[in-house]
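What the coordinates show
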Amino acid sequence: MTWSETEQEKILSLVRKHEAKPTQLLQILRDVQEEFHCVPKDAMETIAAELKVSRTTVLAVVEFYSLLSLEQQGRFHILLSDSITDQMLGSRKLMDHLSAKLGVEPGQTRADGLVSLGFTSCTGLCDQGPAGLVNGHWLSRLDGERIDSIVDYVEREIPLDNWPAEFFKVEDNIQSTGLLLESPIENGAALKQAVRNGFDDIFVEINRSGLRGRGGAGFKAAWKWRFCFEGPENSAGLPLAVQTDRYVICNADEGEPGTFKDRILLNSHAHQVFEGMTVCAGVVGAKRGFLYLRGEYLRLRPQLEAVLASRRAKNLLGTSILGRQGFDFEIEIHMGAGAYICGEESALIESLEGKPGMPRVRPPYPIDNGYLGQPTVVNNVETFASVAAIAAYGGAWFASRGTDKSKGSKIISISGDCERPGIYEYDFGVSIAEILLDCGAEHTLGVQVGGPSGGIISNKEYHRKLAFEDLATGGSFMIFDKTRDILEIVRNFTHFFAHESCGFCTPCRVGTTLLKNQVDKFCDGHSGALDLVGMTSLAKFIKSASHCGLGQSAGNPLLGALAHYPDAFKARLKDIDFEPGFDLDESLETARRMSLRDDPMAHLEQEGI
Amino acid sequence: MSKNTLTIDGKPVLFEGGDTIMAAATRAGIYIPHLCHNPEFSPQGKCKLCEVKVNGRNCASCTFPAAEGQTVLNNTRELNETRRTLTQMLFVEGNHLCPGCEKSGNCKLQAVAYSLNMMDLRFPLLYPKREVDASHPDILLVRDRCIYCEMCVRASREVDGKDVFGLSGRGIDNHLVINSASGKLVDSDLQATDKAAQVCPVGAIIVKRHGFEVPIGQRIYDHKQISEVSLEIEMALEKEHHG
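Just so it is clear, the structure is predicted and the values come from calculations on it, not from any experiment.

Along chain B, the regular secondary structure elements total seven helices and 10 strands. Its C-alpha radius of gyration of 18 Å places chain B within 12% of the 18 Å reference for a compact globule of 243 residues. In terms of overall dimensions, chain B has C-alpha extents of about 55 × 40 × 40 Å along its principal axes. When the 243 residues of chain B are sorted by exposure, 46% land in the buried category.

Structure follows, in structure tokens:
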């Protein structure tokens, strides 16, 4: 492609739209990708010059995020989710079909530049899969017939706006409601309460509620807020400096495969989420906040912008909120671009600053040193929705439910082998057995609680309970019945971690790839007992030596499955102690081609040997 | 400045406010194995070789702040096994063909492997395909040997003021990139006299026409342990930079 003045002008206008701020680099690159179906080299040069950053800074961002690409993609770029539940619903076969019909392989762009295909990590539609993305927009409930229609629309080059709405239809799919979903707050109710009673009172209520972060780690929200409010301290516990800026960030990077509860909260309860953020801002003294929305949730963006606009119009955002002097708060939406690691709070902050999402070295923690080095609260979507409800109804209302150490309720996302996948809300303390009964799951092999980074629960442990003191979860609940092969599940999750490793630290960068290769070798039946020992010790090593939660959980799928389903592993073992990591016969293929032979004697494994 | 004390492997070590555990250890003449740390540049904590146990918790000593009363374990069997495994990972990740490498004997990766008693690779080699950049008249870049320590990246940014190098690519697709229009070294500002051209701990960045000036067998680590060499240099640097 030759670089014309029109194209150059387009790039400059995109840069201007984002005020040429380096913190907007990822947002600018997203716009460029959408416009050009790649990030052209000349665009990178221009952006680097305009933002006054180095070329390598721009290149590092492009190469970090899966949804950005140096190579030209098709005008229709179709990705199918490769998450385990989508695979179970037949996504791989659909890809074969799609690929055959369009005449292009996954990972490739067709010669005419019309279409390109690929796989992507979980798209957050596990309850209505197999799912995918076309030019960043959700495609739900794919089947052979739907794929045929899509091929037809693509070949006729019909713009996405004119595709049938049902292709993109995504339902909330709420199957059962609980504390939070049954009692949505009226717009402004929490803020009115805060303005009336003061933020000290709201803080007392949040503290009384015992609310713990809903992302999975379960840090007490009130503590996080207090630390952020107080700012960094010296070793004697005195404030280091008067900090002027504080930030409130809502983590909507819901990337854990099998999780989609934030999708529903943002779709139907966005007011409440933003209200929770605003309450938090009042408590900690923040003037600016961000919603970090995962790239795969692009479809939600326009309606979220509309909600923000309506809140501004009602003075629920902006300056002197609800007439209270000095209570100023503004929320911006930032989009991710396909990187699971950005769900980790310090990686998310890096991404918000326009950089590759690599987890920071800690200490210092975000509560002291977060966005642009300022004290920052990062909480999950569901946490903020809970905050707004607690501010409106009181801490006691919330704390009356749940268990001693896990107050309130939890929204979980159920997918996989059951009759009624979807959204379920339970008080903390609910048993796995009860959940399985409600969603109609029978003859189960096990349940993956908390996604690949969580753990597998075998059918002998269904008495266990969802709660921070037993099974902590961000909300992912994937069910596998007895027809499923546990080794394929391990393979899928292990590949996922290798794909999503950021590459910062040695044990995760190298270890996840080594583990992926070893798991592949095992699943393909080429491993002996010694390999199993090596694979296990490698998984444990990555877990103990890695820098952040991603590496620390990358070995969980293997270790968990091995502990619960040892027979499945035994059955796949070769009898011998050593088996090469490659197919010996396959390796002779070149020699056979060169010698124009394919007779039985030219193969390693011959009849009777 | 107030003096505080922590212990490393039972030995009392004095530290100053703002010290990392690595800085305090180096000043006290205690070697903690490392590959991505150099007192001249800002620490980053990514190779993980310098991980120690602080009050029972694993921490990268080059970034973790020293504090009063910490009990630090460094030279233990368990930690050295971890370090050996990390070194094995770095070997299989790249293409490290020591016998044909100009850096052999002066290479920190090799020296660390010797000192940790690494006898095999343990893992299957990944055989990555990486680009060689021989475009520069004075400097050769052999990416096969790169271990992503970012010495060159930081030296160029923090000392040379040039910003010639960067890392790009996610996960195992990490690679060293050059800040020039063509992406080639020849079009960058790099000069052979730059700090960035001198600090590579392995043979990834090599100044041309100086090959094999010192015969194999007479090189730095052929006769000395890396712990000895490293302490000698870095104690002086630590004094100079954080003195």
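As a further point, take the domain arrangement of chain B. The assigned domain composition of chain B is domain 1 (4–81 + 226–242) and domain 2 (100–223). Among the residues making up the side of domain 1 of chain B that touches domain 2 of chain B, the classes are represented as eight nonpolar, five polar and one charged.

Moving on: the packing of helix H6 (residues 91–102) of chain A against helix H7 (residues 144–155) of chain A. All names here are of chain A. It is at 10 Å that the axes of H6 and H7 come closest, and there the two elements cross at 30 degrees. Judged by the inter-axis angle, H6 sits roughly parallel to H7. The chirality of how H6 crosses H7 is right-handed. On H7, the residues that touch Leu94, His97, Leu98, Lys101 and Leu102 of H6 are Gly144, Ile147, Val151 and Val154.

So, on to the confidence of the model for chain B. Confidence in the prediction for chain B averages 95 pLDDT; 98% of positions are at 70 or higher. What the predictor reports for the complex is a pTM of 0.94 with an ipTM of 0.96.

This part covers the interface of chain B and chain A. Counting from both sides, the interface comprises 27 residues of chain B and, opposite them, 28 residues of chain A. Listed by contribution, the elements that provide at least two residues to the side of chain B that touches chain A are helix H2 (77–93) and strand S8 (165–168) of chain B. Looking at the side of chain B that touches chain A, the element that brings in the most residues is H2(B), giving six residues. When its residues are assigned to classes, the side of chain B that touches chain A shows 12 nonpolar, 10 polar and five charged.

Residue and element names in this part refer to chain B. Considering the arrangement of structural elements, one finds arginine 84 in helix H2. Residue classification places arginine 84 among the buried residues on the basis of 20 C-beta atoms within 10 Å. For arginine 84 and tyrosine 114, which are 30 residues apart along the polypeptide, the C-alpha to C-alpha distance reads 9.6 Å. Ignoring sequence-local partners within four residues, the contact set of arginine 84 consists of Leu116 and Met118.

With that settled, consider the sheet that holds strand S3 (residues 51–54) of chain B. Residues and elements named next belong to chain B. On the basis of which strands lie adjacent, the open sheet formed by five strands has the order S2-S1-S5-S3-S4 and mixed pairing. The sheet is open, and its two borders are formed by strand S2 (11–15) and strand S4 (57–60), each paired with just one other strand. Between one strand and the next, the sheet's axes are offset by a mean angle of 35 degrees, whatever the strand orientation.

Each strand in a sheet pairs with another by means of backbone hydrogen bonds, the pair being arranged parallel or else antiparallel. Residues and elements named next belong to chain B. As summarised here, the arrangement of the three strands in space is S6-S7-S10, forming an open sheet in which the pairing is antiparallel. Two strands in the sheet have a free side with no partner beyond their single neighbour: strand S6 (132–133) and strand S10 (205–207). Where strand S7 (residues 139–142) and S10 come together, three bridges link them in antiparallel fashion. Looking at S10, one finds that leucine 140 is bridged to isoleucine 206.

What follows concerns unusual backbone geometry. All names here are of chain A. Here the amide bond leading from arginine 362 into proline 363 is cis, since omega sits at 0 degrees, within 30 degrees of zero. Relative to the assigned elements, proline 363 resides in the loop between helix H15 (345–352) and strand S9 (376–380). That bond from proline 363 to proline 364 is cis: its omega, 0 degrees, falls within 30 degrees of zero. Relative to the helices and strands, proline 364 is located in the loop between H15 and S9. Non-glycine residue lysine 52 carries a positive phi angle of around 55 degrees.

On to helix H14 (residues 301–313) of chain A, then. Along an α-helix, residues three or four positions apart point the same way, because every turn accommodates 3.6 residues. Residue and element names in this part refer to chain A. The terminal C-alpha atoms of H14 lie 18 Å apart, and with 13 residues this matches the ideal 18 Å at 1.5 Å per residue to within 8%. Of the surrounding secondary structure, the elements contacted by the buried residues of H14 are helix H12 (261–268), helix H13 (270–284), strand S7 (288–293) and strand S8 (330–335). Looking at the residues trailing H14, positive phi occurs at asparagine 315, about 60 degrees.

Attention now moves to the domain arrangement of chain A. Many descriptions give the size of an interface as the accessible area lost when the pieces come together. Residues and elements named next belong to chain A. For chain A, the domain assignment lists domain 1 (5–64), domain 2 (76–168), domain 3 (184–399), domain 4 (409–484) and domain 5 (490–572). Relative placement of domain 3 and domain 4: their C-alpha centres are 28 Å apart. Contact with domain 3, which involves 12 residues of that partner, is made by 18 residues of domain 4. Of the residues that constitute the side of domain 3 that touches domain 4, the class distribution is three nonpolar, five polar and four charged.

Let's shift gears to the nonpolar core. Residue and element names in this part refer to chain A. Counting residues in hydrophobic clusters, the biggest one holds 214 residues, and the most contacted among them are Ile249, Val273, Val279, Cys280, Val387 and Ala388. Not counting chain neighbours up to four residues away, the residues in contact with valine 279 comprise Ala190, Leu191, Ala194, Ile202, Val387, Ala388 and Ala391. The next biggest cluster of nonpolar side chains, apart from the first, holds 24 residues, and it includes Leu98, Val115, Leu117 and Ile150.

A few words now on the pairing of strand S11 (residues 422–427) of chain A. Residue and element names in this part refer to chain A. Counting buried residues along S11, five of its six residues qualify, which places the element largely inside the surrounding structure. Of the strand pairs in this sheet, strand S5 (residues 174–176) and S11 are connected by two bridges, and their pairing is parallel. Note on S11: the bridge partner recorded for isoleucine 174 is isoleucine 423. Between strand S10 (residues 409–416) and S11, which pair antiparallel one after the other, the connecting turn spans five residues.

Residues and elements named next belong to chain A. Summarising burial for S7: five of the six residues are buried, a large majority. Where strand S6 (residues 247–252) and S7 come together, six bridges link them in parallel fashion. In the strand pairing of S7, cysteine 250 is matched with leucine 291. Examined bridge by bridge, S7 and S8 share six bridges and lie parallel to one another. Bridged to leucine 291 within S8 is isoleucine 333.

What counts and how
Residues numbered from 1 in each chain as written. Chains lettered and ligands numbered in written order. Predicted model: local features only at pLDDT ≥ 70, side-chain atom pairs only at ≥ 80, totals over all residues. Helix = DSSP H or I, 4+ residues; strand = E, 2+ residues; numbered from the N terminus. Rg over C-alpha atoms; globule rule 2.2 N^0.38 Å. Buried ≥ 20, exposed ≤ 12 C-beta atoms within 10 Å, placed from the backbone. Domains from an automatic or database assignment. Nonpolar A, V, L, I, M, F, W, Y, C, P; charged D, E, K, R; others polar. Axes fitted to C-alpha atoms, helices over the stretch in contact; angles between N-to-C directions. Parallel < 35°, antiparallel > 145°, perpendicular 65-115°, else oblique. Left-handed = near helix turned anticlockwise from the far one by under 90°. Contact = placed C-beta atoms within 7 Å. pLDDT = per-residue confidence, 0-100. Pairing = 2+ DSSP bridges. Expected span 1.5 Å × (residues − 1). Core = buried A, V, L, I, M, F, W, Y, C linked by C-beta atoms within 7 Å.

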